[in-house]
Amino acid sequence: MKLFYHPDQERHAPGTFLLRGRPAPSPEGPVRAELLSQGVVASGFSLSEPDVVDSPLLRSRLAKVHTHRYLEFLETIHGRWRELPGAAELVSPNVHPTGGGHHYPRHPVGQAGWHLHDMACPIGAESFRGILASAATAQAAAEAVLGGHGTAYALCRPPGHHAGPDRAGGFCFLNNSALAATVLREYFARVAIIDVDLHHGNGTQDIFYYRGDVWTGSLHVDPGDFYPFFWGGAGEEGMGEGLGTNVNLPLPLGSDGAAFHGALDELLERLDDFSPQAVVVALGLDAHRDDPLAGMALETSDFTVIGRRLARLSLPTVLVQEGGYPTEHLGANLTAFMDGFTAG
Ligand SMILES: [Zn+2]
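Where an unreviewed UniProt entry is consulted, the protein appears under the name Acetylpolyamine amidohydrolase, with the organism given as Billgrantia endophytica. Reading the Sequence similarities (unreviewed entry) entry of the UniProt record for the protein gives the comment "Belongs to the histone deacetylase family."

## A closer look at the side chain of H200
Mapped onto the elements, H200 comes out in the loop between β5 (191–195) and α7 (202–208). Classification of H200 by relative accessible area gives buried; the value is 1%. A distance of 2.9 Å separates polar atoms of two side chains, one belonging to H200 and the other to Q205. At 3.1 Å, the side chain of H200 and the side chain of N248 are in polar contact.

## Here's the deal with helix α5 (residues 127–146)
Between the first and last C-alpha of α5 there are 29 Å, a value that for 20 residues agrees with the 28 Å anticipated at 1.5 Å per step. Of all 20 residues making up α5, 17 are buried, and the element is well covered by its neighbours. Two residues or fewer past α5, G148 is found with a positive phi of approximately 115°.

## As for the packing of aromatic side chains
A full pass over the atoms with the stated rule returns 9 aromatic pairs. Ring centres of F337 and F341 lie 5.9 Å apart, and the angle between their planes is 20°; on these two criteria the pair is classed as stacked. On the criterion of helical spacing, the pair formed by F337 and F341 is a turn pair, its members being 4 residues apart in helix α10 (residues 330–343). Among the aromatic side chains, those forming a connected cluster through ring pairs are Y227, F229, F230 and W231. Taking NZ or CZ as reference, R32 lies 4.7 Å from the ring centre of Y325, over its face.

## Here's the deal with the packing of α5 against helix α6 (residues 176–184)
Direction vectors running N to C along α5 and α6 enclose 30°, while the axes themselves pass 9 Å from each other. Between α5 and α6, the interaxial angle falls into the category roughly parallel. Where α5 crosses over α6, the handedness of that crossing is right-handed. Here S134, A135, A138, Q139, A142, E143, V145 and L146 of α5 lie close against α6, whose contacting residues are N176, L179, A180, V183 and L184.

The rules behind these values
Residues numbered from 1 in each chain as written. Predicted model: local features only at pLDDT ≥ 70, side-chain atom pairs only at ≥ 80, totals over all residues. Heavy atoms only, no water. UniProt positions renumbered as here; feature names shortened; annotations may be inferred. Helix = DSSP H or I, 4+ residues; strand = E, 2+ residues; numbered from the N terminus. Buried < 20%, exposed > 50% of the residue type's maximum accessible area, 1.4 Å probe, protein only. Polar contact = N/O pair within 3.5 Å; in protein donor to acceptor, adjacent residues only side chain to side chain. Expected span 1.5 Å × (residues − 1). Phe/Tyr/Trp six-rings, centres within 6.5 Å; stacked < 30°, edge-to-face > 60°. Lys NZ or Arg CZ within 6 Å of the ring centre and 35° of its normal. Axes fitted to C-alpha atoms, helices over the stretch in contact; angles between N-to-C directions. Parallel < 35°, antiparallel > 145°, perpendicular 65-115°, else oblique. Left-handed = near helix turned anticlockwise from the far one by under 90°. Contact = heavy atoms within 4.5 Å.

Structure representation (structure tokens):
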């Protein structure tokens, strides 16, 4: 297995986000990469650096996932924001086109409200480089699989699965899993994204909702009670050519490993009809019982079961790191998944 991480990812390091109306320390920071790296080492693997962070090829692939104006926004907003009188160091929205909006604004405050869906996505001076490095890491892993490695892992942070075609959300800016699927699609006709993060992969769903070539499936806490709240219901099945290729299996808040494994079996049964040729696993580890985002009750050993089950698909696989926040268990949860995957 080839495993990738680029140190430039550390350049995106927002200190705080807004939690229940209060500024709180952001759980999505460089310390996650440290803990996950320890998990990689404990699995007996080592991390390689992607050759490039920025390239015309990466940009052209990102343009298949995100809108042009959103990519331009991510790259330029911090400089334009800082020119505003009295502007804070971090770009943060304070006005949103909730429920609609008829035109795309020129003003940086308006654009921040348009693209930054929630208060978990502040952008600092160095953020874009870090965000791009995370995407480059996903790209490198997908290229390794196209190059003949059966499996590759991308230690991506910031994560990506809440990032939609035209918006950031939930700590996510560029959709790394969708990018990996886009790279795989250059060779494979039918690619599946299996999202085992605690939260619904709403950005990934939106990116492929009308397409029949990339199947998207997600296990997550019922969004009636949990972030991302407005997506992730079982009735969202894709539309047009994508009809039937989006599968959501919401689980009750507080679900344990047994419930999760049963739902994963069902998800993979549903995937079978699609006959995928390659897979991206949106590998969130935040369903652990001690994760600060507190949605499910999986034990560390449950990630071994998940890894083993996904390995049994016996398909070229890109593992893309999504959620999983700092606890003493985070590294061990990744090790547990890797142990199961390599044994499976
Ligand atoms: Zn998550």
